[in-house]
Amino acid sequence: MPSPSPVPDAVAARLDGFLARMRAESADYGPDGAAFLHAAADTLVGGKRLRARFCHAGWRAVARFRDRTAEESAALWDLCAALEIFQSAALVHDDLIDNSDTRRGRPAAHRALEHAHRSSGWRGDAQGFGRAAAILLGDLLVAWSDDLLESSIGAHPHARVVRSEYARMRRDVTTGQYLDIAEESAWSANPDREHAQRALRVASLKSARYSIEQPLILGAAFAGGDEDQVDALRRFGHPLGMAFQLRDDVLGVFGDASITGKPAGDDLREGKRTVLVALTREALDASARNVLDEMLGDPDLTSQQVSSLQATITDSGALARVEDMIAAYAHDADRALSGARLDNAAVGELRDLARAATVRSA
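If you're wondering where the values come from, they're calculated on a predicted model, not measured in any experiment.

> It is not clear to me how the overall build of the protein should be interpreted in this structure. Could you clarify?
In terms of helices and strands, the protein carries 16 helices and two strands. The C-alpha radius of gyration computed for the protein amounts to 21 Å, which stays within 12% of the reference 21 Å derived for 362 residues, consistent with globular compactness. Along the first, second and third principal axes, the C-alpha set of the protein runs to 60 × 60 × 35 Å. A buried classification covers 51% of the 362 residues belonging to the protein. In the protein, the share of contacts with a sequence separation of at least 24, taken over all contacts with a separation of at least 6, comes to 78%. Summing over all exposed atoms, the protein offers an accessible surface of approximately 16300 Å²; the carbon and sulfur share of this is 51%. Between the mean site of the 43 positive side-chain charges and the mean site of the 53 negative ones, the protein shows a separation of 3 Å.

This is how it looks when you write it as C-alpha cells:
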C-alpha cells in the first residue's frame, strides 16, 4: 500500500487503548476468559489496514476540501479502528467457513484455539472446540467493533448517518458471505449463463462495498460530506472494490503462498464459484467443464492438480478476461474522481490506493 501513511500507527494506538480498556473491564472473567480476550486481540495484529486507510481518505477528501488545516480527531481514528476490528471478525468467520488453516502466515483463529485446547491438556474434541470457540471469538470482535464505533461517534453531529452506513455495511457483507457459500452448491441448479452475474453480485456485496466503498463513505459522512461528494466517492469506491475482489480471486488461484500467506490454489480446493471460474466454464466444452466441476471443491487437490486447473483457466482465456475487467473497473473508478469537489491531495492518495489495491501480489 502507499506510504508513508499515518493510518497504521494511529489505528494501532487506538486499538491498544481500546484493548487495555476491555481487559480492565473484564478482570473478573478468570484465566480462561482472559485467554479468550487475548485470542481476540491476537487477530488484530498485522494486515494492510485497507479499510481504515479508505475511511481516512474519505474523511480527508471532504474535510480538507473545506479546510486544508483540518486535523484528524481521536474519534476519527476510533472509527477507523472499529472498521479493522469488524474486519478481524469477518476473517475469523471466513476462515472457519472455508476451513482455512492459515491467515497472514499464521494459524487461523480456529486452529489457534484448537491448539490451545490441546496444549492445556483439556479433555474432549479439540477440533470441535476450536470451531465453536472461533464462532464466539468472531461474535466478540463484532461486539467490540460496535463498542468502539459508539464511543467514537457519541454526540457527533453526523452520528446518525455514520451509524446507518455502518449498519448497512454489516448487513451487506453478511449477506454477501452467505451468497458466497450458497453459490458453492446453488451453481448446479442455475443456468450456466447466469453464473458470472451471480458471482459479480457476491463480489459486490461481500467485498466491493465492504472493503472500499463503505469505508470511504463512512469517512466522508464523518466529515459531513454533501450529496455530490458522497456520490463521487461511491462512484469511485464501488468499481474499485470490484477490481479489488477480482484481483483477490486471481490471487486465490494463482497467488504465491510465500506472499499471500495462504496455500496456492486455496480457492480451488474450497470450491469458490468466482467470476474467474464462471468465465472458464463458459469457454469449455461439456466434457472439460465436467472435469473442472468434479475437481473444484476437493480439499485434497494435489499441487499437480492445482497446476492443471490453473492451466485450464489460463488456456480458456478466462484469466485474460478477468484482467480486462479489472482494468475497466479501475478506469471507471479513476474517472469518477475527475472534477469532483474533493481535496486534491486526497484525490492523489485515492489514486495511489487504487493502484495498490488492483496491482498487488497479496
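> Could you clarify how one ought to interpret the packing of helix α4 (residues 74-98) against helix α6 (residues 126-153) in this entry?
Geometrically, a packed helix pair is captured by the angle between its two axes and the distance between the axes. Packing of α4 against α6 brings their axes to within 8 Å, and their N-to-C directions diverge by 165°. Here α6 runs roughly antiparallel to α4, going by the angle between their axes. At the point where α4 passes α6, the crossing takes the left-handed sense. Here the contact of α4 with α6 is composed, by residue class, of 17 nonpolar, five polar and three charged.

> Whenever I open this one, unusual backbone geometry confuses me. Can you help?
Excluding glycine, most residues fall at negative phi; most peptide bonds, likewise, are trans. Positioned with a positive phi, Arg49 is a non-glycine residue whose angle comes to about 60°. Here Arg49 lies in the loop between α2 (30-42) and α3 (50-66). By relative accessible area, which is 9% here, Arg49 ends up buried. Phi is positive for Arg104, close to 55°, though the residue is something other than glycine. Looking at the element boundaries, Arg104 is found in the loop between β1 (102-103) and β2 (106-107). A residue is classified by how much of its surface remains accessible, and Arg104, at 30% relative accessible area, is partly exposed.

> Please explain the packing of helix α1 (residues 7-25) against α4 as it appears in this structure.
Interaxial distance between α1 and α4 falls to 9 Å at its minimum, and their mutual angle equals 85°. Looking at the two axes, α1 sits roughly perpendicular to α4. Only Ala74, Trp77, Asp78, Cys80, Ala81, Glu84 and Ile85 of α4 make contact with α1, whose side of the interface consists of Val7, Ala10, Val11, Arg14, Leu15 and Phe18. The residue inventory of the contact of α1 with α4, partitioned by class, reads 10 nonpolar, no polar and three charged.

> Looking at this structure, I do not really get a nonpolar patch on the surface. What am I missing?
A contiguous nonpolar patch, built from Ile97, Tyr178 and Ile181 and spanning about 270 Å² of accessible area, is present on the exposed surface. Structurally, the position occupied by Ile181 is in helix α7 (residues 159-186).

> Help me understand the pattern of salt bridges in this model?
Applying the stated criterion across every chain, the model contains 31 salt bridges. Arg64 is the salt-bridge partner of Glu72, the closest N and O atoms lying 3.5 Å from each other. Under the relative-accessibility criterion, Arg64 is labelled buried at 16%. Arg234 is paired through a salt bridge with Glu213; the nearest N and O atoms lie 2.9 Å apart. Of the two residues, Arg234 is situated in helix α9 (residues 227-254) and Glu213 in helix α8 (residues 195-222); the sequence distance between them amounts to 21 residues. Bridged by salt links that share partners, the residues Asp94, Asp98, Asp180, Glu184, Lys206 and Lys272 form one connected network.

> What should I look at first to understand helix α12 (residues 275-283) in this one?
Side chains that are three or four residues apart share a direction in an α-helix, a result of its 3.6 residues per turn. Of all nine residues in α12, seven are buried, a share of seventy percent or more. Along α12, the residues classified as buried are Val275, Leu276, Val277, Ala278, Leu279, Thr280 and Arg281. Here the buried face of α12 lies against α8, α9, α13 (286-295), α14 (303-315) and α15 (318-337).

> Hey, could you run me through the environment of His56 in this one?
In this structure, His56 sits in helix α3. Overall, His56 belongs to the buried group, its relative accessible area being 3%. Residues His56 and Tyr210 lie 154 residues apart in sequence; the distance between their C-alpha atoms is 15 Å. When residues no more than four places from it in sequence are discounted, the contact partners of His56 are Pro6, Val7, Glu72, Leu76, Trp77, Cys80 and Glu349.

> So what exactly am I meant to see when it comes to the environment of Ala34 here?
Along the polypeptide, Ala34 turns up in helix α2. What makes Ala34 partly exposed here is its relative accessible area of 45%. Along the primary structure Ala34 and Arg23 are separated by 11 residues, whereas in three dimensions their C-alpha atoms are 7.6 Å apart.

> What is the right way to look at the nonpolar core in this model?
A general feature of soluble globular proteins is that nonpolar side chains tend to end up buried together. Counting residues in each nonpolar core, the largest one holds 75 residues, and the members touching the most others are Phe54, Trp144, Phe236 and Leu350. Element by element, the count of residues in this core is highest for α4, at 12 residues. With residues near it in sequence (within four places) discarded, Leu350 still touches Phe54, Ala57, Leu216, Leu233, Phe236 and Leu337. In this structure, Leu246, Leu284, Val306 and Ile313 belong to the second largest nonpolar core, which totals 28 residues.

> Explain the packing of aromatic side chains here, please?
In this structure the tally under the stated criterion is four aromatic pairs. Pairing Phe86 with Tyr210 gives two aromatic rings, centres 5.8 Å apart and planes at 80°, and the pair type is edge-to-face. Residue Phe86 is located in helix α4, and its partner Tyr210 is located in helix α8; the two are separated by 124 residues in the primary sequence. For the pair Phe86 and Tyr210, one class covers both residues: buried. An angle of 85° between the planes, with centres 5.5 Å apart, marks the rings of Trp122 and Phe129 as edge-to-face. Looking at Trp122, the relative accessible area reads 40%, which means it is partly exposed. With relative accessibility at 31%, the residue Phe129 sits in the partly exposed group. Taken together through their ring pairs, the aromatic side chains of Phe86, Tyr166 and Tyr210 make up a single cluster.

The rules we used
- All residue numbers refer to positions counted from 1 along the written sequence of the respective chain.
- Per-residue local features of the predicted model are confined to residues with pLDDT of at least 70, and side-chain atom pairs are confined, for both listing and counting, to 80 or more; whole-chain, interface and lining totals are unaffected and use all residues.
- Only hydrogens and water are set aside when side-chain values are computed; all heavy atoms of the structure are taken into account.
- Here a strand is any run of E in DSSP of at least two residues, a helix any run of H or I of at least four, and the numbering for each starts at the N terminus.
- Radius of gyration means the value over C-alpha atoms here, while the globule rule gives 2.2 Å times the residue count to the 0.38 power.
- Note on exposure labels: buried denotes an accessible area under 20% of the residue type's maximum, exposed denotes more than 50%, and partly exposed covers the range between, all computed with a 1.4 Å probe on protein chains only.
- Throughout, a contact is declared for two residues whenever any of their heavy atoms are within 4.5 Å.
- What sets the accessible areas is the Shrake-Rupley method with a 1.4 Å probe; for residues, cover comes only from the shown protein chains.
- His residues and chain termini do not enter the charge count, which takes Lys and Arg as positive and Asp and Glu as negative.
- Here the site of a charge means NZ on Lys, CZ on Arg, CG on Asp, or CD on Glu.
- To get an axis, fit a line to the C-alpha atoms, keeping to the stretch in contact for a helix; angles then go from 0 to 180 degrees between the N-to-C directions.
- Relative orientations are named as follows: roughly parallel for angles under 35 degrees, roughly antiparallel for angles over 145 degrees, roughly perpendicular for angles from 65 to 115 degrees, and oblique for any other angle.
- Helix crossings fall into two classes, left-handed where the near helix is turned counterclockwise from the far one by less than a right angle and right-handed where it is turned clockwise.
- Under the scheme applied, nonpolar residues are Ala, Val, Leu, Ile, Met, Phe, Trp, Tyr, Cys and Pro; charged residues are Asp, Glu, Lys and Arg; polar residues are all the others, including Gly.
- Patch criteria: residues need more than 30% relative accessible area and no salt bridge. Like-charged residues are merged within 9 Å; nonpolar side chains of Val, Leu, Ile, Met, Phe, Trp and Tyr are merged within 5 Å.
- Criterion for a salt bridge: a side-chain nitrogen of Lys or Arg within 4 Å of a carboxyl oxygen of Asp or Glu.
- What makes a nonpolar core is a set of buried Ala, Val, Leu, Ile, Met, Phe, Trp, Tyr and Cys residues whose side-chain atoms join them at distances within 4.5 Å.
- Here a Phe, Tyr or Trp ring, Trp counted by its six-membered ring, pairs with any other such ring whose centre lies within 6.5 Å, and the pair is stacked when the planes are under 30 degrees apart, edge-to-face when over 60, and tilted otherwise.

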